[in-house]
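# Structural overview
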Protein chains: 2
Amino acid sequence: MTPTPSIAERLNVDIDRIHELADRLLPFYTDIQPGGSLADERLNGYLNELTRTLHELHPADMAAVLESLPLQERVLAWKLAAPEDDGDVLLEVSDAVRETLIESMGNQELLAAVEDMDADDLAELADDLPHQVIAEVLQTRDEEERAQVQAAMSFADDQVGAIMDFELLSIRADVTCEVVLRYLRRFDSLPDHTDKIFVVDDHDILQGVLPIRRLLIADPDELVEHIMARDVVRFHPEDDTEEAAQAFERYDLVTAPVIDADGKLIGRLTVDEMVDVIREETEADMLNMAGLQEEEDLFAPVFDSVKNRWMWLAINLCTAFLASRVIGAFEGSIEKIVALAALMPIVAGIGGNSGNQTITMIVRAMAMGQLTGSQAIHLLKKEVSVALVNGLIWGGVMGLVAWLLYDSPGIGLVMVAAMTLNLLLAATVGVLIPVIMDKCGRDPALGSSVLITAVTDSGGFLIFLGLATVFLL
Amino acid sequence: MTPTPSIAERLNVDIDRIHELADRLLPFYTDIQPGGSLADERLNGYLNELTRTLHELHPADMAAVLESLPLQERVLAWKLAAPEDDGDVLLEVSDAVRETLIESMGNQELLAAVEDMDADDLAELADDLPHQVIAEVLQTRDEEERAQVQAAMSFADDQVGAIMDFELLSIRADVTCEVVLRYLRRFDSLPDHTDKIFVVDDHDILQGVLPIRRLLIADPDELVEHIMARDVVRFHPEDDTEEAAQAFERYDLVTAPVIDADGKLIGRLTVDEMVDVIREETEADMLNMAGLQEEEDLFAPVFDSVKNRWMWLAINLCTAFLASRVIGAFEGSIEKIVALAALMPIVAGIGGNSGNQTITMIVRAMAMGQLTGSQAIHLLKKEVSVALVNGLIWGGVMGLVAWLLYDSPGIGLVMVAAMTLNLLLAATVGVLIPVIMDKCGRDPALGSSVLITAVTDSGGFLIFLGLATVFLL
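In this text the structure is predicted, and so the values were computed from the model without any measurement.

## Some details on the overall build of chain A
- Within chain A one finds 22 helices and five strands.
- Computed over its C-alpha atoms, the radius of gyration of chain A comes to 30 Å, more than 25% above the 23 Å expected for a compact globule of 473 residues.
- Dimensions along the principal axes, computed over C-alpha positions, put chain A at roughly 90 × 70 × 50 Å.
- Residues classed as buried in chain A amount to 58% of the 473 residues present.
- Across chain A, the fraction of contacts at a sequence separation of at least 24, relative to all contacts at a separation of at least 6, is 66%.
- Counting every atom, chain A has about 19,500 Å² of accessible surface; 54% of that belongs to carbon and sulfur.
- Placing the 32 positive and 80 negative side-chain charges of chain A at their respective mean positions leaves the two points 5 Å apart.

Given below as structure tokens:
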């Protein structure tokens, strides 16, 4: 084992080379068949290198490569990929990219890719697969697995039931550790991430868990019920996945049982799924704040991208139009003091920036479960104080600049006052928007950036032009 | 085991009640001692309830509670908390909150909190602890542990060496599984998250790993070298933690070995630390994009908050001033057509919004390692196409509105052209800023939102007022 370059380095090299090879081979797309060859020797060399490189990749790396390739190259690489990994790759890629891959596959290929899949994985893909493929693959399963797939599909994406795993080990409490060890040795392989064995009674009601760490150090004659843990973090299939992920994070879990309303063990959650939930959750917040509806395939067709972004752009246009009408109401003042037109974006801009700082901090705290309603008033006080300090400092600076620039102390004073007031407005609304969204059961991240900017723009123009009209004309 | 409310629900109830109790007890802060009582019977009831509630909390829950309490209440709750959990709570809270807790503790209390800590945990806290405390606690450790603490402290926060764990199990390759199982049984407890045992030679050089899952199903007479995995994801202490976290995510790891340049096993990474890295990384991106320098204690003193935010506000003011000067250059045009002043923020606003959508998507893709330099040109083409479509649609709408509003087809046409051009500018710069930042080795998220808004503001004003001056005057 020689020291190897870091994983990320190795992967980036692969992506660039794959991109290069795919780019060169793209003009001959129709001549290329998996396992086939090209007449031109140089091109055939490229084809062999590309195929070999792709076949060496771990399915998760293959997924990353596919996500970072432009559409046509992606389809070519997918065609050349090792078919035995197809199912794993489909499970690893993002939803948007998965669609493009499935579209490029025939029903027979899809069937081959999913036929050996576990029930929970099958359920995850089911929405994206053609009806016929699902129907055919379900026919090959036994009653229990069909029920599992259907159960998993009946939950929403953000419910524990949709991502739980049915593969698990369970034992009775009244056996010895020796018996458990012998029982385990009868398996060909144990489920991934097995860090604990679930202890159930005759009716499958969860009694506790036996951590493998305890099993390994226990006296072989010890009874399971004497060493099992009874106070166990457990979930219901209706639970929210984000809350489950927070519990995993907080209590450093690797797996946890899922039970139904009667306490019956029906599945388990594993940390690898929870890591994905955490990643997706924080990213969704980030995308939502910026006004993107969902995660987007980097190389999505133009029309798909337009669709993903149009709504917040439209809302932004409406709010911008409102701000424009606020200015329109003061056209008389601007005609008299044209300097106002040049200064007003400064007032609006600093409010937007400061409001975004406040709202980002709060959205984050809410996502972490750090903020409940009762502290909102404390937070508001603090944010207003920060805004006051910033307003006096930066308003003072800009007021001075405006005074010198337009040789008018009046304009300077109006700047100070308008900037301070708009920062106070930004702080207040920056706290209230997410708190109210949350109270209404909405996601506080959703378009919050667009909303706060709308308020600080219109508000900033109104405050500044209003003050100027009253005091300077 | 009766069905319990979901974990997040239970926790929120606790926080609200703790907040209420702490708020009532706060006026009597100086009279309150841990284990003491208050003369007033009602108040004493509150005190007992608060103390009991706090003592029942898991350290990770206690950390969450402390993070969500205003400063004074936090100090009170911390004073009443179970001292035996102090060390664990300090490790769980965010950096900003940790400072406030340590400040409220005496050296003796701190010493008691950290004296039983593992070397890696001690190293994590070391920067925040008073020198004297560190010196004293290190004196109680043996040579090896002192070396471990110092080694861990010598790495930067974003290096694997700073978060690796020294507690691990290692065995030789030439023993049987039976021997391994007997060896394990001699421990009082196994390290957390033990999903594999590391296999080393006589010089501690890593040979492979023995997954517990394989050990449990193996024939007891089988030699470790026959069933161990040799192709193992491993890390060096200098590796970047974010890349390590990506590898954990990609390959669904629970633990992984850390080796030095000679291949010698020196520590291990565990998935619970990696989950924290993933959470912190995506959050740092979100905060950085909004122009916050670092994670902020929700209830930080006003001055600390001002310090955390001033830099991007100052940069924003400079760019806003620049935009203001662009408008200033066209004061003559605005005096003649005052409608321009009202319409120009629409052009700037949609550019900013659209640019933020583009940049957010790209920052995210870069964080996931999906985007390498060679695809930038493809991405640019796509984003420019999206901008063109959006420009013609939304520019068309606003052009029509402007025409009707000001009864001037000229103004309408200038709106269409300016909005389209500003969207094209936003798309181009939205791709280029993160790509260039990344090429320069900078974090592409850093202030990207402020930068793109600066470009689309000044650019939007210039394009709109420039076109109007040329075509309408």
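## Overview of the sheet that holds strand 3 (residues 206–211) of chain A
All names here are of chain A.
- Judged by pairing direction, the sheet is mixed, and its three strands sit side by side in the order 1-2-3 without closing on themselves. With one partner strand each, in any of the chains shown, strand 1 (170–171) and strand 3 form the two edges of the open sheet.
- Here strand 1 pairs with strand 2 (residues 196–200) via two bridges, running parallel. Bridge pairing links Ser170 to Phe198 in strand 2.

## Notes on the domain arrangement of chain A
Residues and elements named next belong to chain A.
- Split into domains, chain A comes out as domain 1 (9–155), domain 2 (168–286) and domain 3 (300–470).
- For domain 2 versus domain 3, the separation of C-alpha centres amounts to 49 Å.
- Surface buried jointly by domain 2 and domain 3 totals about 380 Å² across both partners, of which 36% is contributed by carbon and sulfur atoms.
- The tally of links from domain 2 across to domain 3 stands at zero salt bridges.
- Run the count over domain 2 and domain 3 and you get zero residue pairs in polar contact (both at pLDDT 80 or more).
- Of all the secondary structure elements, the ones that give two or more residues to the side of domain 2 that touches domain 3 are helix 15 (241–251) and helix 16 (271–289).

## Some points on the packing of aromatic side chains
Residue and element names in this part refer to chain B.
- Evaluated as defined, the whole model comprises four aromatic pairs over all chains.
- Relative to Phe187, the ring of Tyr183 lies with its centre 5.3 Å away and its plane at 85°, an arrangement referred to as edge-to-face.
- Taking the relative accessible area as the measure of exposure, Tyr183 reaches 27% and is therefore partly exposed.
- Classification of Phe187 by relative accessible area gives partly exposed; the value is 27%.
- Relative to Phe248, the ring of Phe235 lies with its centre 6.1 Å away and its plane at 20°, an arrangement referred to as stacked. Residue Phe235 is located in the loop between helix 14 (224–227) and helix 15 (241–251), and its partner Phe248 is located in helix 15; the two are separated by 13 residues in the primary sequence.
- When its relative accessible area of 3% is taken as the criterion, Phe235 is described as buried.
- Taking NZ or CZ as reference, Lys79 lies 3.8 Å from the ring centre of Tyr29, over its face.

## Considering the interface of chain B and chain A
- Listed per partner, the contact involves 138 residues of chain B and 137 residues of chain A.
- Buried surface at the junction of chain B and chain A, both sides included, amounts to about 12,400 Å², of which 65% is carbon and sulfur.
- Of all residues in chain B, B:Arg279, B:Met286 and B:Leu298 bury the most surface against chain A, accounting for 7% of the area lost on that side.
- Summed over the shared surface of chain B and chain A, the number is twelve salt bridges.
- For B:Asp61, the salt bridge goes to A:Arg250, with nearest N and O atoms at 3.3 Å.
- At the junction of chain B with chain A, the criterion picks out 33 residue pairs in polar contact (both at pLDDT 80 or more).
- Here the side of chain B that touches chain A is built from residues that sort into 73 nonpolar, 33 polar and 32 charged.

## Let's talk about the nonpolar core
- Membership of the largest hydrophobic core comes to 138 residues, with the highest contact counts inside it found for A:Leu25, A:Val114, A:Leu269, B:Leu25, B:Val114 and B:Leu269.
- In contact with A:Val114, other than residues within four places in its own chain, are A:Leu122, A:Leu125, A:Leu129, A:Val133, A:Val137 and A:Arg141.

## Observations regarding the sheet that holds strand 1 (residues 170–171) of chain B
- The sheet built from three strands is open, its strands ordered 1-2-3 (chain B) with mixed pairing. Each edge of the open sheet is held by one strand with a lone partner, namely strand 1 and strand 3 (206–211) of chain B.

Calculation notes
- Residues numbered from 1 in each chain as written.
- Chains lettered and ligands numbered in written order.
- Predicted model: local features only at pLDDT ≥ 70, side-chain atom pairs only at ≥ 80, totals over all residues.
- Heavy atoms only, no water.
- Helix = DSSP H or I, 4+ residues; strand = E, 2+ residues; numbered from the N terminus.
- Rg over C-alpha atoms; globule rule 2.2 N^0.38 Å.
- Buried < 20%, exposed > 50% of the residue type's maximum accessible area, 1.4 Å probe, protein only.
- Contact = heavy atoms within 4.5 Å.
- Areas by Shrake-Rupley, 256 points an atom, 1.4 Å probe, with all protein chains shown as cover.
- Lys, Arg positive; Asp, Glu negative; His and termini not counted.
- Charge placed at Lys NZ, Arg CZ, Asp CG, Glu CD.
- Pairing = 2+ DSSP bridges.
- Domains from an automatic or database assignment.
- Buried area = accessible area lost by both parts, 1.4 Å probe.
- Salt bridge = Lys/Arg side-chain N within 4 Å of Asp/Glu carboxyl O.
- Polar contact = N/O pair within 3.5 Å; in protein donor to acceptor, adjacent residues only side chain to side chain.
- Phe/Tyr/Trp six-rings, centres within 6.5 Å; stacked < 30°, edge-to-face > 60°.
- Lys NZ or Arg CZ within 6 Å of the ring centre and 35° of its normal.
- Nonpolar A, V, L, I, M, F, W, Y, C, P; charged D, E, K, R; others polar.
- Core = buried A, V, L, I, M, F, W, Y, C linked by side-chain atoms within 4.5 Å.

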